[in-house]
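Here is what each chain is made of, one letter per residue.
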Amino acid sequence: IVTIDIVKDGKTDYRIVRRDAATGNDAGRMSAIKLGQAIKAATGCAIELTTDWTPDEDGKAYEILIGKVERPAHDQIPTDLAKDEFVILFVDNKILIDGGSESAITNGVDYFIEEYLGYDEENDTYAKTDLLIPEALNLRQTFDYPYEVYIIHNIKGVNGFTNNEDYNDI
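Residues numbered from 1 in each chain as written. Predicted model: local features only at pLDDT ≥ 70, side-chain atom pairs only at ≥ 80, totals over all residues. Heavy atoms only, no water.

Participant: Mind showing me how you'd approach the overall build of the protein here?
Facilitator: In terms of regular secondary structure, the protein is built from three helices and ten strands. Each helix (α) and strand (β) of the protein, taken in turn from the N terminus, gives the series β-β-α-β-β-β-β-α-β-β-β-β-α. Residue burial in the protein is summarised as follows: out of 170 residues, 40% are buried. In the protein, of all internal contacts separated by at least 6 residues, the share reaching a separation of at least 24 is 62%. (Helix = DSSP H or I, 4+ residues; strand = E, 2+ residues; numbered from the N terminus. Buried < 20%, exposed > 50% of the residue type's maximum accessible area, 1.4 Å probe, protein only. Contact = heavy atoms within 4.5 Å.)

Participant: Whenever I open this one, the packing of helix H1 (residues 27–43) against helix H2 (residues 102–117) confuses me. Can you help?
Facilitator: Helix-helix packing is described using two parameters, namely the angle between the two axes and the distance between the axes. It is the contact of H1 with H2, at a shortest axis distance of 9 Å, that shows an interaxial angle of 10°. Judged by the angle between their axes, H1 and H2 are roughly parallel. Residue-level contacts link Ala 27, Gly 28, Ser 31, Lys 34, Leu 35, Ala 38, Ile 39, Ala 42 and Thr 43 of H1 to Glu 102, Ile 105, Thr 106, Val 109, Asp 110, Phe 112, Ile 113 and Leu 117 of H2. Split by residue class, the contact of H1 with H2 holds ten nonpolar, four polar and three charged. (Axes fitted to C-alpha atoms, helices over the stretch in contact; angles between N-to-C directions. Parallel < 35°, antiparallel > 145°, perpendicular 65-115°, else oblique. Nonpolar A, V, L, I, M, F, W, Y, C, P; charged D, E, K, R; others polar.)

Participant: Just checking my understanding: could you explain a negative patch on the surface for this structure?
Facilitator: Together, Glu 114, Glu 115, Glu 121 and Asp 124 give the surface a local cluster of negative charge. Note on placement: Glu 114 falls in helix H2. For Glu 114, a relative accessible area of 41% puts it in the partly exposed group. (Patch = residues over 30% accessible without salt bridge, like charges linked within 9 Å, V, L, I, M, F, W, Y side chains within 5 Å. Areas by Shrake-Rupley, 256 points an atom, 1.4 Å probe, with all protein chains shown as cover. Salt bridge = Lys/Arg side-chain N within 4 Å of Asp/Glu carboxyl O. Lys, Arg positive; Asp, Glu negative; His and termini not counted. Charge placed at Lys NZ, Arg CZ, Asp CG, Glu CD.)

Below, the structure is given as structure tokens:
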């Protein structure tokens, strides 16, 4: 397998790019920050984090694109992604991570961190000190949404009644 050096010996030519319009807890923004922190923790390399407002006029910048960014390379992302699907692609000198939903983008970045930096969540450690990816990286994957359990207890209803028996008198 032919690999591409993204971070080698603590150095990189790459930068992480997120959507400029992203604000607050936007998945692309938060995932870009998380990826930058993971790369720093694993490799010691402080990778630049920027937005798609920063130009790439000739398309030759080395970039990791998170979410729906304004770059011609983003046209390579399939338009039919389901809400539980993410993609990770290597196109020319760009890594694209996107998904069919906010959760999918987050899961795509988490997958990237685990797979290519060797992150072990249980021990909070990284197995790799360099970031290498396959040159032919073209991954489309689904994920399972976590189950959510709702516990409903002591809900106050009309006139302060707290259970169905109280409503029988109305």
